[in-house]
Amino acid sequence: MGQALHDLWYGFGVALVPNHLMWSVFGVLLGNLIGVLPGMGALTAISMLLPLTYVLAPIPAILMLAGIFYGSMYGGAIGAILLNLPSHPPHAVTCIDGYPMTQQGRGGAALGVTMMSSFFAASVGILIMIFLSPWLEAAALNFGPTEISAIMLLGLLAGATMSRGSPLKGVAMTIFGLFIGTVGTDVISGTQRYTLGISELSDGIDLAALSLGLFGIADFLVTINRKVIKASDAKVGMRDMRPTRAELKRSFFPMLRGTAVGCLFGAMPGTGPTITTFIAYALERKVAKDPTRFGRGAIEGVAAPEAAAHSKTQMDFIPTMSLGIPGDAVMALLLGALIIKGIQPGPQMISEHPDIFWGLVASFWIGNVLLIVLNVPLIGVWVRMLQVPYRLLYPAALFFICIGVYSTHNSLIDVVEVAAFGVVGAIFLALDFPIAPIVLGYVLGPMIEENFRRALLLSRGTLSVYLTHPIAAWIIGACVLLIAAQVLSYARRTKTPRAIVAETLIVD
Amino acid sequence: MTPLRAFNKDRVGAALLILMGAAIVAQGLTYKMGELTRMGAGFIPVMLGIALMLVGIAISVTAEPGGFGTAQSRPSEWRGWLCVLGGVMAFAVLGALAGLVPATLLSVFIAAMGDRANSVRDSAILAVGVTGVGVLVFVYGLRMPFPLFILS
């Protein structure tokens, strides 16, 4: 643990290098801005700025992307509380008590509590990393290609089955994503796969084009002329944001409980932040002395889910960085960005790239401080941003998407790819298929294939090597359990946890 | 009432998956398959294609009732869809043929016209505004190698 503390200190040093700090600030600011804008999410934001990271060095790149991520969580909370409009699904729960608080004039206090929850969660996250990392480093030594491919499979399965909608559809989308990953030149044999003779495709499909098409354009196609995204008239000033002492006291334990829920679920690959916030909220209601207060502006209903969301965000990075399994699409994008830079996230990343790992951990804390510093005076600006009508926003966003994608390879074929995936994404959405697993499959596909081939090469073609290696065997066992649980729940037609929790919320 | 009402959503999705899987397998078999120890380029894609078809069959078997005509269905937004996609394609085509400024102007304009609440004037003003910001940020600020105008 002493080593971990030492590394953390080093990480702070890395994160505070002026150049790195500048990109962190940029990311956090941008993320916050995009999180506030109605109709835009963290996914679109990160996809749009992904091309920019191609020209940055790995450390500022990942710091900026991470900053965008939790910056957008802040922005999303603002939208949820003031507008009853979550631009990011996890904040849906925050609306339930946050918006009534705004209607009662206590919106500012809700925002203040959100900030504190986030700060608290970030600090806890750092502590956990300090304690966890020696164990992770030890585990790293035992991870060979067999174990790596096995755990990636587990991550894919978890991501596929726990995403929105039917698990079968999630699996189908993951497979589709894996397939998209094979398009291009095969690394080992040099054959061109599925490129249809188009030479630009020999490098494969660009990650930014894929995600911007699937999440950006597809979202426009689904939203246009349909959803009414209202602008807000709320006016919130700096002084409104201080919660009263009573409110502070009431939020303390919910904050703790929410953080605990977030940490627990954050470490599990495949669970999204949405279900985490649902569970935190449901827990608060169960534990509360007077549950009828919920839904009418109970500050516990804001503190707990927000703490859960923010700590889950922090915790999401752990399996992504240390094991290479992304918990959701956003993590998959971050993972993809690192891979493009030539850094292989996985068990060996902590020892091979301690500057990135610990710099990232330190930047969470710094980022949260930055967010508090920025949000307090800027809250008026954000509120005004909330008033930009969607009909003006999306054409501008479309332009940024196009030019962002163009900037990666100076190739307009990439822009065509965006349109194509926009159509694909919209079709899948209309058929009730979740599109996030596509990105997961795409990012992990090539790595799984490489490790799988290597594992078989080393074992000379015997598949049983997955059972003879103890760690791999355990992981395969977990996969089997996961599949069995899905089959069982289908056979019994029991509802998914999300439905159960949702019912708990609706039934008073 | 669209004729799509008759089709079960899940079955359509399943059919799509089976078709895709078949196409992937068909193309994948033209690459070398190899064996488990020395996998050729086609091995994994073919496996994926087969898996996709199997999942498609599973979905059609476990299909929940619910066609496109259910309460959740929404009317087709051809204007919006064509304008959004048209905007992207306009950028791609004009960017290559005419340069950044015409590409941005037209793509933003077309995309904005997709929304029924946008008048021609609104869309035009937005297009000019975004072009201005875009040129400033990307060409002068970030020095992106994108010609403003291509006059051949």
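Since the structure is predicted, the reported quantities are computational estimates derived from the model, not experimental observations.

K.L.:
Account for the overall build of chain B, with residues named and values stated.
P.N.:
The number of helices and strands found in chain B is five helices and zero strands. Helices (α) and strands (β) of chain B occur, in sequence order from the N terminus, as α-α-α-α-α. Looking at chain B residue by residue over its 152 residues, the buried ones come to 43%. Sequence separation of 24 or more characterises 61% of the internal contacts of chain B that already satisfy a separation of 6 or more.

K.L.:
Any chance you could break down the overall build of chain A for me, citing the residues and the numbers?
P.N.:
Counting its secondary structure elements, chain A contains 21 helices and two strands. Taken over 508 residues, chain A has a buried fraction of 60%. The contacts of chain A with a sequence gap of at least 6 include a subset with a gap of at least 24, amounting to 80%. Carbon together with sulfur atoms contributes 68% to the accessible area of chain A, which is approximately 19200 Å² in total.

K.L.:
Summarise the interface of chain A and chain B; cite the residues concerned and give the values.
P.N.:
Listed as interface residues are 57 residues of chain A and, on the opposing side, 62 residues of chain B. It is Tyr194(A), Asn225(A) and Arg226(A) that lose the most area in chain A upon contact with chain B, and together they represent 13% of the buried surface on that side. Between chain A and chain B we count two salt bridges in total. A salt bridge links Asp10(B) to Lys169(A), with the nearest nitrogen and oxygen atoms 2.7 Å apart. Applying the counting rule to chain A against chain B returns nine residue pairs in polar contact (both at pLDDT 80 or more). The leading source of residues in the side of chain A that touches chain B is helix 16 (residues 390-409) of chain A, at 12 residues. Here the residues of the side of chain A that touches chain B sort into 39 nonpolar, eight polar and 10 charged.

K.L.:
I'd love a proper account of the confidence of the model for chain B, names of residues and values included.
P.N.:
Residue and element names in this part refer to chain B. Averaged over all residues, the pLDDT of chain B is 81; the fraction at 70 or higher stands at 85%. Averaged over each element, pLDDT in chain B is lowest for helix 5 (residues 120-141) (86) and highest for helix 4 (residues 100-113) (90). Reported confidence for the predicted complex is 0.86 by ipTM and 0.77 by pTM.

K.L.:
If you had to explain the pattern of salt bridges to someone new, which residues and values would you point to?
P.N.:
Two side chains that carry opposite charge are able to pair once their charged atoms sit near each other. All names here are of chain A. Taken as a whole and judged by the stated rule, the model has eight salt bridges over all chains. A salt bridge links Arg257 to Glu284; the shortest N-O distance between them is 2.7 Å. Residue Arg257 is found in helix 10 (residues 245-266), and its partner Glu284 is found in helix 11 (residues 273-287); the two are separated by 27 residues along the sequence. Relative accessible area serves as the criterion here: at 27%, Arg257 is assigned to the partly exposed category. Looking at Glu284, the relative accessible area reads 2%, which means it is buried.

K.L.:
Give a detailed account of the environment of Asp186(A), specifying residues and quantitative values.
P.N.:
Looking at the element boundaries, Asp186(A) is found in the loop between strand 1 (184-185) and strand 2 (192-193). Measuring from C-alpha to C-alpha, the distance between Asp186(A) and Gly367(A) comes to 40 Å, with 181 residues separating the pair along the chain. Leave out the neighbours within four places in its chain, and Asp186(A) touches Thr191(A), Arg193(A), Glu449(A), Arg453(A) and Ala41(B). A distance of 3.3 Å separates polar atoms of two side chains, one belonging to Asp186(A) and the other to Arg453(A).

K.L.:
Report on empty space enclosed by the protein, specifying residues and quantitative values.
P.N.:
Residues and elements named next belong to chain A. Summed over the entire model, instances satisfying the criterion amount to five cavities of 30 Å³ or more. Volume-wise, the largest cavity comes out at about 80 Å³. Lining the largest cavity, in full, are Gly125, Ile126, Met129, Gln314, Met315, Phe317, Ile318, Met321, Phe357, Leu360, Val361 and Phe364. Put simply, the parts of the chain that give the lining of the largest cavity at least two residues each are helix 6 (107-141), helix 12 (300-323) and helix 15 (354-385). It is helix 12 that provides the largest number of residues to the lining of the largest cavity, a total of five residues.

How each quantity is defined
- Residues numbered from 1 in each chain as written.
- Chains lettered and ligands numbered in written order.
- Predicted model: local features only at pLDDT ≥ 70, side-chain atom pairs only at ≥ 80, totals over all residues.
- Heavy atoms only, no water.
- Helix = DSSP H or I, 4+ residues; strand = E, 2+ residues; numbered from the N terminus.
- Buried < 20%, exposed > 50% of the residue type's maximum accessible area, 1.4 Å probe, protein only.
- Contact = heavy atoms within 4.5 Å.
- Areas by Shrake-Rupley, 256 points an atom, 1.4 Å probe, with all protein chains shown as cover.
- Buried area = accessible area lost by both parts, 1.4 Å probe.
- Salt bridge = Lys/Arg side-chain N within 4 Å of Asp/Glu carboxyl O.
- Polar contact = N/O pair within 3.5 Å; in protein donor to acceptor, adjacent residues only side chain to side chain.
- Nonpolar A, V, L, I, M, F, W, Y, C, P; charged D, E, K, R; others polar.
- pLDDT = per-residue confidence, 0-100.
- 1 Å grid on protein atoms, 1.4 Å probe; cavity = no way out; pocket = protein on both sides within 12 Å on 5 of 7 lines; lining within 4 Å.
- Points joined across faces, edges and corners; volume = space filled by probe spheres on them.

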